[in-house]
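Summary of the model geometry
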Amino acid sequence: MKKAIGSTISFLKKYEILNIDPSIRSLLFLSIFMIIGMICGTLIVPSLNMESLYKLDFLFLSDFKQRLEQSNIQIFMSSFYALSLFALFIELSALSCWGIIVIPAILTFKGLGLGLTAGYLYLIYGLKGIAFYILILLPGIFVSSVGLTLFSLGSMKFSLKLLKTVLPKGNPAALWISIKEHFKASSYCLVVLGIASLIDVGFMAMFSKFFNF
């Protein structure tokens, strides 16, 4: 164990990973959690009951046949609703001392859903499903994932500040200074998610005519 830890530290020092700005390290840390979730989601699709995936449609937008039949307003609302739920979970976690633990788990679950979606499309529809994922879903997924990851980073910092205030010698005044900035970041996050939902609508309008599931 000591040898493995020593090797890991040596690797990090060799490539100067430990010298990276702490915020960037934290951002990479959160991104890795989402990527791990995506990989796991893709791998477990073959063993998953498809009915279970349909039950999570409100989170992962997995009912593609229905999406293709929806109006632009319906597509926007369903996409924004699904993304806003994750933003809400992250926000609630930020307002607790457990946010630094829960928020990475939320991103992992989000990544799991993205992996399930990609794996499901490939398993059922093959290359046609992958083309649908890349052309229609991926642009909005990329924008929303970046937005949620950045929001998660700020939320974890706020949760950490909240935790420090409840510890002995904590300074509540320092927390109140950060509240305004945090809620401003929350509004920015909603704007980004709105943009991601508009992107979903735009790419669906452009490419949906080429797909018939």
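Notes on the structure follow. (Residues numbered from 1 in each chain as written. Predicted model: local features only at pLDDT ≥ 70, side-chain atom pairs only at ≥ 80, totals over all residues. Heavy atoms only, no water.)

1. Here's the deal with the environment of Ser186
- With respect to the helices, strands and loops of the structure, Ser186 is situated in helix H9 (residues 172-207).
- Each C-alpha atom, one on Ser186 and one on Ile90, is 9.8 Å from the other, the two residues being 96 residues apart in sequence.
- When sequence neighbours within four positions are dropped, the list of residues in contact with Ser186 reads Glu91 and Phe151. (Helix = DSSP H or I, 4+ residues; strand = E, 2+ residues; numbered from the N terminus. Contact = heavy atoms within 4.5 Å.)

2. A closer look at the environment of Gly37
- Topologically, Gly37 is positioned in helix H2 (residues 22-44).
- Under the relative-accessibility criterion, Gly37 is labelled buried at 2%.
- Taking the C-alpha atoms as reference, Gly37 lies 9.8 Å from Ile106; in sequence the two are 69 residues apart.
- Residues in contact with Gly37, not counting those within four places in the same chain, are Thr108, Gly111 and Leu112. (Buried < 20%, exposed > 50% of the residue type's maximum accessible area, 1.4 Å probe, protein only.)

3. Topic: the packing of aromatic side chains
- As enumerated under the stated definition, the model contains five aromatic pairs in all.
- The rings of Phe203, Phe207 and Phe210 are connected pair by pair, giving a single aromatic cluster. (Phe/Tyr/Trp six-rings, centres within 6.5 Å; stacked < 30°, edge-to-face > 60°.)

4. A closer look at the packing of helix H6 (residues 72-94) against helix H8 (residues 127-166)
- Two elements in contact, H6 and H8, have axes separated by 8 Å at closest approach and are oriented at 15°. In terms of their interaxial angle, H6 and H8 are classed as roughly parallel. Of the two possible hands of crossing, H6 and H8 adopt the one that is right-handed. Taking contact as the criterion, the partners of Leu83, Phe86, Ala87, Ile90, Glu91, Ser93 and Ala94 in H6 are, on H8, Ser144, Leu148, Phe151, Ser152, Ser155, Phe158, Ser159 and Leu162.
- Taken together, the residues that form the contact of H6 with H8 break down as nine nonpolar, five polar and one charged. (Axes fitted to C-alpha atoms, helices over the stretch in contact; angles between N-to-C directions. Parallel < 35°, antiparallel > 145°, perpendicular 65-115°, else oblique. Left-handed = near helix turned anticlockwise from the far one by under 90°. Nonpolar A, V, L, I, M, F, W, Y, C, P; charged D, E, K, R; others polar.)

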